[in-house]
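Listed here are the chains, written in short residue letters.
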Amino acid sequence: MIKETDFLVIGSGIAGLSFALKVAEHGKVVLISKTNLEESNTKYAQGGIAAVTYKPDNFEKHVQDTLIAGDGLCNKEVVEMVVREAPAQIQQLIDWGVDFDQNESGKYDLGKEGGHSENRVLHSKDKTGEEIQLSLVDKVKNHKNIEVLENHFAVDIITQHHLGKLVKRSHNNTECYGAYVLDLKTDKVNTFLAKTTLISTGGTGNLYDTTTNPKIATGDGIAMVYRAKGIIENMEFIQFHPTSLYNPGEKPSFLITEALRGFGAILKTTDSSEFMKKYDKRGSLAPRDIVARAIDHEMKITGNDHVILDCSHLDPEKLKDHFPNISEKCKSLGIDITKDPIPVIPAAHYMCGGIKVDENGASTINQLYAVGEVSSTGLHGANRLASNSLSEAVVYANRAAKDSIRRLNQIRIHSQIPEWDAHGTTYPEEMIMITQNYKEVQQIMSNYVGIVRSNLRLERALKRLAIIYKETEELYEKSILSQKLCELRNLINVGYLIIKMAKDLHESRGLHYTIDYPKKGLISEF
Ligand code: FAD
Ligand code: SIN
């Protein structure tokens, strides 16, 4: 089957949905999502979306906080642009029906998170992501120019390579004609041709066995663009969220928002000793890389499986009112957050790097844009400031929409694309080969490419991954495609990129910490 459209949007989180709503005024949109439209990292966002709203906050402070968190690797022009454009795009979300909490005087209730010098995080209690996701899904479902296809899995983007031409990463004339898409109901791979393609497939958390990310986050977009010879960058900067709920066996790990620490909760070891001030004068609200590393260090010293978050000194009614989701979740496990310590551990949370894009979200492949967590814009540098990713997604969705609308009339749909060749493939005899390799990849990455790294660990990870890569490629060549097999292949590709880039960075910076190049300085040398 061949399908043609003006805009092909791959992914239904905040990035894909907001882009689709903007371009749908100018052409036909096909939006695909690999499970249902609602499922995404966006849906699980808790703390909120960062932007300058009221004095005493100002753009300069938000810019400085972002640059400091990014540890010298942010692109300052991009930071300034995103900070300045975020308020208007948040207003756009509000116009689309997103409801952010307000206080008694009718002003937005602004939360505070690690690394922010002011309260600047708009939120909907502690379920901000769900509020955004459901509001945008509702708009998209009711838009006459948007065709939604759930249970459709993008396998690869289509370029000149599929016409038998040589495509190289160093070339700047690679063009994207759409994508091959696996219909998960029929197991058939169909050809989707588009004038413009947007990759908004989100993050990569499932590379690790402890992650806050739902199952969909398997780095598909990054792997597709890497295979298509687009440029990928900054992959060594994986953000571990310091505080996910310690509840062994639960996947994904339930997040305990940083906004709770912004509200006054304090990190302690299990014997109730405060420890963060030893590492950073900002204590429990230091930037994430520092807090996650400090927790990792304390767990290693004490031999305990977790640390604790103490809220017992906070006003119980206000606490439950601000954090109903966390309160309910903990209650279901017998934890009363107004009295009992919450056991927490770090968990893989966010990919700072990804598909290299310009100021309009355009990738290094023509007619291909990347927006949201899948992209590397230069905003986050070596460590993302909390709640900056939702702002980045809406600012870049708007820019990519404008840029692609401007170019739309210059592009024609390519009609000579061959259909997917499934000749000679069969269903894999044993799914265990796929599920076992998936777990092994997670173990390799968790054990050797986690919060603290070393040359030896990275080298070992690369060797182990190479074996699984070979096995998986052999299986892929002869198999009728399945979602699990494609996801495994993508995770291996992404894991490889992380290890390679981590090996190439001969220093500790932001989220990349290696004992072979310890960071000199007052607070980070632990
Ligand atoms: P996603 O929302 O992840 O959407 C990706 C979409 O792509 C999904 O629909 C998925 O099904 C689809 N997809 C993936 N692969 C394919 C494929 N091959 N084919 C078809 N479809 C595909 N950030 C903040 O700024 N503030 C917060 O408070 C915050 N809290 C967070 C809490 C949690 C628990 C998590 C996990 C993240 C949080 N983040 C937060 C990060 C933020 O939520 C994400 O970075 C952001 O939502 C990503 O949006 P996105 O649109 O890029 O991707
Ligand atoms: C949180 O609520 O702590 C997550 C915020 C983020 O990841 O930006």
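Structural data are supplied above this passage.
Residues numbered from 1 in each chain as written. Chains lettered and ligands numbered in written order. Predicted model: local features only at pLDDT ≥ 70, side-chain atom pairs only at ≥ 80, totals over all residues. Heavy atoms only, no water.

Moving on to empty space enclosed by the protein. One pass over the structure, following the stated rule, counts 3 cavities of 30 Å³ or more. Approximately 60 Å³ is the volume attributed to the largest cavity. If you trace the largest cavity, you find it lined by Ile 238, Phe 240, Asp 289, Ala 292, Arg 293, Gly 450, Ile 451, Leu 511 and Tyr 513. Every element with two or more residues in the lining of the largest cavity is listed here: β10 (238-245) and α7 (288-302). (1 Å grid on protein atoms, 1.4 Å probe; cavity = no way out; pocket = protein on both sides within 12 Å on 5 of 7 lines; lining within 4 Å. Points joined across faces, edges and corners; volume = space filled by probe spheres on them. Helix = DSSP H or I, 4+ residues; strand = E, 2+ residues; numbered from the N terminus.)

Looking now at the site of ligand 1. Around ligand 1 sit 37 residues, and of these Thr 42, Gly 48, Asp 220, Glu 373 and Ser 389 come closest. At 3.0 Å, a backbone N or O of Gly 47 approaches an oxygen atom of ligand 1. Here a nitrogen atom of ligand 1 sits 3.4 Å away from a polar atom, N or O, in the side chain of Ser 387. Notes on ligand 1: free accessible area 1,000 Å², of which the protein chains cover 98%. Looking at the shell around ligand 1, the elements with two or more residues in it are α1 (14-23), β6 (152-158), β13 (342-351) and α10 (388-407). For the shell around ligand 1, the residue count by class is 11 nonpolar, 21 polar and 5 charged. (Near = heavy atom within 4 Å. Polar contact = N/O pair within 3.5 Å; in protein donor to acceptor, adjacent residues only side chain to side chain. Areas by Shrake-Rupley, 256 points an atom, 1.4 Å probe, with all protein chains shown as cover. Nonpolar A, V, L, I, M, F, W, Y, C, P; charged D, E, K, R; others polar.)

Time to look at the pairing of β10. Judged by how many residues are buried, β10 sits mostly within the fold: 8 of 8 residues are covered. Here β10 pairs with β13 via 6 bridges, running antiparallel. Across the sheet, residue Leu 245 finds its bridge partner in β13, namely Val 344. (Buried < 20%, exposed > 50% of the residue type's maximum accessible area, 1.4 Å probe, protein only. Pairing = 2+ DSSP bridges.)

Here the focus is the site of ligand 2. Residues in contact with ligand 2, as listed here, are Gln 46, Gly 47, Glu 113, His 241, Leu 255, Thr 257, Glu 258, Arg 288, His 349, Arg 384, Ala 386 and Ser 387. Glu 258 is positioned such that a nitrogen or oxygen atom in its backbone is 2.7 Å from an oxygen atom of ligand 2. Interatomic distance of 2.7 Å between a side-chain N/O atom of Arg 384 and an oxygen atom of ligand 2. Calculation on ligand 2 without its partners gives an accessible area of 260 Å², and the protein chains cover 93% of this total. Residues that form the shell around ligand 2 fall into these classes: 2 nonpolar, 6 polar and 4 charged.

Within the open sheet, the 4 strands sit side by side as β10-β13-β12-β11. Their pairing is antiparallel. Across the chains shown, the open sheet's two edge strands, defined by having one partner strand only, are β10 and β11 (266-268). Strand-to-strand twist across the sheet, computed as the mean angle between neighbouring axes with direction ignored, equals 45 degrees. Relative to strand β12 (residues 307-310), β11 is paired through 3 bridges, and the arrangement is antiparallel. Note on β12: the bridge partner recorded for Lys 268 is Ile 308. Contacting β10, β11, β12 and β13, α7 crosses the sheet at an angle of about 60 degrees to β10. (Axes fitted to C-alpha atoms, helices over the stretch in contact; angles between N-to-C directions. Contact = heavy atoms within 4.5 Å.)

A separate point is the side chain of Arg 120. Relative to the helices and strands, Arg 120 resides in the loop between α3 (76-95) and β4 (121-122). At a separation of 2.8 Å, a polar atom in the side chain of Arg 120 contacts the side chain of Asp 57. For Arg 120, the side chain forms a polar contact with the side chain of Asp 65, separated by 2.8 Å. Residues contacting Arg 120, with those up to four places away along its chain left out, are Ile 49, Ala 50, Ala 51, Val 52, Asp 57, Lys 61, His 62, Asp 65, Leu 110 and Gly 111.

Moving on: the pattern of salt bridges. Across all of its chains, the model carries 31 salt bridges by this definition. Glu 118 is the salt-bridge partner of Lys 61, the closest N and O atoms lying 2.8 Å from each other. One end of the pair, Lys 61, is in helix α2 (residues 59-69); the other, Glu 118, is in the loop between α3 and β4, and 57 residues separate them in sequence. In this structure Lys 61 comes out as partly exposed when scored by relative accessible area, which is 26%. The salt bridge involving Asp 403 is made with Arg 407; its shortest N-O contact spans 3.1 Å. Taken as a pair, Asp 403 and Arg 407 lie in helix α10 at a separation of 4 residues, close to a single helical turn. By relative accessible area, Asp 403 is classed as buried at 2%. We classify Arg 407 as partly exposed; its relative accessible area is 41%. When salt bridges with common partners are traced through the structure, they connect Lys 3, Lys 28 and Glu 147 into a single cluster. (Salt bridge = Lys/Arg side-chain N within 4 Å of Asp/Glu carboxyl O.)

Turning our attention to unusual backbone geometry. Between Lys 55 and Pro 56 the backbone carries a cis peptide bond, its omega angle lying at 10 degrees. Along the chain, the position of Pro 56 falls in the loop between β3 (49-50) and α2. The step from Lys 251 to Pro 252 runs through a cis peptide bond, and the omega angle for that step is -5 degrees. Relative to the elements of secondary structure, Pro 252 occurs in the loop between β10 and α6 (258-262).

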